[in-house]
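Analysis of the macromolecular model
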Amino acid sequence: MNIAVAQSGGPTCAINASLAGVFSAAQKSEKIDKIFGVLNGIEGIINDEMVDLEEKVNSDVSYQLLLRTPSAVLGSCRKKLPNYKEKSEVYERITEVLRSRDIGAFFYIGGNDSMDTVAKYSAYLKDNSIEDIKIIGIPKTIDNDLCETDHSPGFGSAAKYVAATVQEITRDSNVYSIPSVTIIETMGRHAGWLAAAACCIRANGESAPHLIYLPETTFSIERFLSDVKDQMTKHRAVIVVVSEGVKTAEGKFAAEEFQSGQKDVFGHVYLAGIGKFLEKLVAAEIGCKVRSIELNVMQRCSSHIASLEDIQSSEAIGMAAVEAALKGTSGCMMTFVRESNMPYSYRIDTVDASKAANSEKFFPREWINEAGNNVLPPAYDYLMPLIQGELHAIMKNGMPLNFVI
């Protein structure tokens, strides 16, 4: 049989490592003939837009470049499939295209919404007694909010980028003698894993970040100002890290006036602006030197400081997905099951994709202090293994070289 693999949702700097893992395991299997790369997620299946991956990844050098390249080399999409009982023609088209290319296994690399696609198509296959096609979800998201897995591929590298960047900002902020406040905004709609990752720099003796605010606790403007004033009595340069999705007691995004209110096809509001909102607040109420920094897409596309552990485990889970499909598994999402922190070890397992679809894993409340403005030691125990090691870039003309389809 042939196989197909696609990427979906927001990019990460490890999603191509999972693609590489699928490719590597498939290429070694005597049961698999062709390996198709699907362009732009499930839309590429519907439009029958695919490439022969063996023509593209044709040497060890190109494979190593694929491992190191950020974003999604096959392209992505944010397409929500309809209920097949209401609109079956989309599912019939997907099945028609897969069969026309003799594709017996389809691998979908993505996050919460992508697992919705896996779960829906799996249900369609089951209800229509279609057994010649398998579908398997491979997790990815920098937000680390996928349920049923210890962590999500891509998070470790994003966490490492956030921590390293906060450390560099801390160095810069401590240059001047005048009091200052620096507010760093991270991604994190409802889950604060990325903002929490800034605490990793404390392993190297940093006191910063002095305040960390996550969506898992209620955000109060009055308490925020009080927290900042308190920290200014202890530190000349106060460093604050805040998730973009922090909410007030009324359930509103704290920076709602800075946001467009627009939503994607899955109903998610486009967020950004909490950093700028708090910067103006500090300037008006405290009057000190203040600046805000939005890390934005750099969190998910910066591969120059990728976590080796993240890249290697992302490759491994892609390989495991192929092994699972060859055993007849379908309708599942691959998962990591942590077995120990020190030394760090895990195993790869599977779970029904419907359990991960359209659900979110939140940062544990018991890992946040009572005041709701910082994280506690158990967070370090969880986070530190995920950011270990470096994968050195392949350079050309003084710049990292990327793989391009």
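1. Here we look at the overall build of the protein chain
A tally of helices and strands in the protein chain yields 13 helices and 13 strands. Against the 2.2 N^0.38 benchmark of 22 Å for 405 residues, the protein chain shows a C-alpha radius of gyration of 22 Å, consistent with a compact globule. Once the C-alpha set of the protein chain is aligned to its principal axes, its extents read approximately 70 × 50 × 40 Å. Here the protein chain holds 405 residues, and the buried ones make up 59% of them. Contacts spanning at least 24 positions in sequence make up 76% of the contacts within the protein chain whose residues lie at least 6 apart. Here the protein chain holds 40 positive side-chain charges and 51 negative ones, and the gap between their average locations is 2 Å.

2. Focus: the sheet that holds strand β6 (residues 180-186)
With parallel pairing, the 4 strands of this open sheet are ordered in space as β7-β8-β6-β9. Two strands bound the open sheet, and with one partner strand each, they are β7 (211-213) and β9 (289-294). Taking the axes of each pair of neighbouring strands and ignoring which way they run, one obtains an average angle of 15 degrees across the sheet.

3. What about a nonpolar patch on the surface?
A grouping of Val175, Tyr176 and Ile178 is seen on the molecular surface, where their side chains present a nonpolar patch of about 310 Å² in accessible area. With respect to the helices and strands, Ile178 occurs in the loop between α7 (155-173) and β6.

4. Points about the side chain of Arg68
Structurally, Arg68 can be placed in helix α4 (residues 60-68). Asp60 provides the closest opposite charge to the buried, salt-bridge-free Arg68, at an N-O distance of 7.8 Å. Setting aside chain neighbours within four positions, we find Arg68 in contact with Ser303, Leu391, His392, Ala393 and Ile394.

5. Topic: the pairing of strand β11 (residues 345-352)
Summarising the sheet, strand β10 (residues 332-340) and β11 pair through 8 bridges and their orientation is antiparallel. Within the sheet, the bridge partner assigned to Cys332 lies in β11 and is Asp352. Linking two consecutive strands that pair antiparallel, namely β10 and β11, is a turn of 4 residues.

6. Some thoughts on the pattern of salt bridges
Scanning the model with the defined rule gives 12 salt bridges in all. One network of salt bridges, in which partners are shared, links Lys80, Asp116 and Lys120.

7. Regarding the layout of surface pockets
Quantified by volume, the second largest pocket comes out at close to 220 Å³. What lines the second largest pocket is a set of 14 residues, among which Lys160, Ala163, Cys200, Asn204 and Ile387 lie closest to the centre. Looking at the lining of the second largest pocket residue by residue, the classes come out as 8 nonpolar, 4 polar and 2 charged.

8. So, unusual backbone geometry
The step from Ala208 to Pro209 runs through a cis peptide bond, and the omega angle for that step is -10 degrees. Structurally, Pro209 is set in the loop between α8 (193-196) and β7. Pro343 follows Met342 through a cis peptide bond whose omega is -5 degrees. Along the polypeptide, Pro343 turns up in the loop between β10 and β11.

Conventions adopted
- Residues numbered from 1 in each chain as written.
- Predicted model: local features only at pLDDT ≥ 70, side-chain atom pairs only at ≥ 80, totals over all residues.
- Heavy atoms only, no water.
- Helix = DSSP H or I, 4+ residues; strand = E, 2+ residues; numbered from the N terminus.
- Rg over C-alpha atoms; globule rule 2.2 N^0.38 Å.
- Buried < 20%, exposed > 50% of the residue type's maximum accessible area, 1.4 Å probe, protein only.
- Contact = heavy atoms within 4.5 Å.
- Lys, Arg positive; Asp, Glu negative; His and termini not counted.
- Charge placed at Lys NZ, Arg CZ, Asp CG, Glu CD.
- Pairing = 2+ DSSP bridges.
- Axes fitted to C-alpha atoms, helices over the stretch in contact; angles between N-to-C directions.
- Patch = residues over 30% accessible without salt bridge, like charges linked within 9 Å, V, L, I, M, F, W, Y side chains within 5 Å.
- Areas by Shrake-Rupley, 256 points an atom, 1.4 Å probe, with all protein chains shown as cover.
- Salt bridge = Lys/Arg side-chain N within 4 Å of Asp/Glu carboxyl O.
- 1 Å grid on protein atoms, 1.4 Å probe; cavity = no way out; pocket = protein on both sides within 12 Å on 5 of 7 lines; lining within 4 Å.
- Points joined across faces, edges and corners; volume = space filled by probe spheres on them.
- Nonpolar A, V, L, I, M, F, W, Y, C, P; charged D, E, K, R; others polar.

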